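Structure at a glance
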Amino acid sequence: QVQLVESGGGLVQPGGSLRLSCAVAGSTFATYYMGWFRQAPGKQRELVASITRGHSTNYVDSVKGRFTISRDNAKNTVYLQLNSLNPEDTAVYYCNRAFFPRWAWGQGTQVTVSS
């Protein structure tokens, strides 16, 4: 069974930065198209960034130019660098396969942007 463990979240002031990590255990990670998702209170979970096994990336418009997704296939880990954070980025962040079928969700990591 695949396990997803997200980490790196926290409380940050507007304009600040964080680096999130997601360790994937129990799967041939390198073959999968991976994504970072977020779910804000009262909203649906959304895909904000994705990365192919060839390291091509895609972003939702609201995070373009501020977030950077990357992966280290040797470490079975996907990263999300968050820069120029604003309060609208406050959410629980999750990683998973970018498209269906997905693995069971991890616990996520909370990102709170507030002064």
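Residues numbered from 1 in each chain as written. Predicted model: local features only at pLDDT ≥ 70, side-chain atom pairs only at ≥ 80, totals over all residues. Heavy atoms only, no water.

**Focus: the state of the cysteines**
In the structure shown here, the tally under the stated rule is 1 disulfide. Cys22 shares a disulfide with Cys95; S-S distance 1.7 Å. Taken together, the positions of Cys22 in strand β3 (residues 18–25) and Cys95 in strand β9 (residues 91–97) put the pair 73 residues apart, joining distant regions of the chain. (Disulfide = S-S within 2.5 Å. Helix = DSSP H or I, 4+ residues; strand = E, 2+ residues; numbered from the N terminus.)

**Describing the sheet that holds strand β6 (residues 57–59)**
Strand order in the open sheet formed by 6 strands is β2-β10-β9-β4-β5-β6, with mixed pairing between adjacent strands. This sheet does not close on itself; its edge strands, each paired only once, are β2 (10–12) and β6. Going across the sheet, the axis of each strand differs from the next one's by a mean of 25°, ignoring polarity. Across 5 bridges, strand β4 (residues 34–39) lies against strand β5 (residues 46–51) in antiparallel orientation. (Pairing = 2+ DSSP bridges. Axes fitted to C-alpha atoms, helices over the stretch in contact; angles between N-to-C directions.)

**Focus on the environment of Ala74**
Turning to its location among the elements, Ala74 is positioned in the loop between β7 (67–72) and β8 (77–82). Residue classification places Ala74 among the exposed positions, given a relative accessible area of 77%. Sequence separation between Ala74 and Asn86 is 12 residues; the distance between their C-alpha atoms is 32 Å. (Buried < 20%, exposed > 50% of the residue type's maximum accessible area, 1.4 Å probe, protein only.)

**Let's talk about the sheet that holds β3**
Within a beta sheet, neighbouring strands are joined by backbone hydrogen bonds and run either parallel or antiparallel to one another. Reading across the sheet, the 4 strands line up as β1-β3-β8-β7 and stay open at both edges, with antiparallel pairing between neighbours. The sheet terminates laterally at β1 (3–7) and β7, the two strands that pair on one side only. Across the sheet, the axes of successive neighbouring strands diverge by a mean angle of 15°, strand direction being ignored. In terms of strand pairing, β1 meets β3 through 5 bridges, oriented antiparallel. Bridged to Glu6 within β3 is Cys22.

**Remarks on the pairing of β9**
With respect to burial, β9 is a largely interior element, 7 of its 7 residues being buried. As paired strands, β4 and β9 are joined by 6 bridges and run antiparallel to one another. The residue bridging Arg38 from the neighbouring strand is Tyr93, located in β9. The sheet contact formed by β9 and strand β10 (residues 109–113) spans 3 bridges and is antiparallel. Each bridged residue has a counterpart across the sheet, and for Val92 the counterpart in β10 is Gln110.

**What about the side chain of Thr90?**
With respect to the helices, strands and loops of the structure, Thr90 is situated in the loop between β8 and β9. For Thr90, a relative accessible area of 19% corresponds to the buried category. Only 3.0 Å separates the side chain of Thr90 from the backbone oxygen of Pro87, close enough to count as a polar contact. A polar atom in the side chain of Thr90 sits 2.9 Å from the backbone nitrogen of Val113. Residues within four places of Thr90 in sequence aside, it is in contact with Ala40, Pro41, Gln110, Val111, Thr112 and Val113. (Polar contact = N/O pair within 3.5 Å; in protein donor to acceptor, adjacent residues only side chain to side chain. Contact = heavy atoms within 4.5 Å.)

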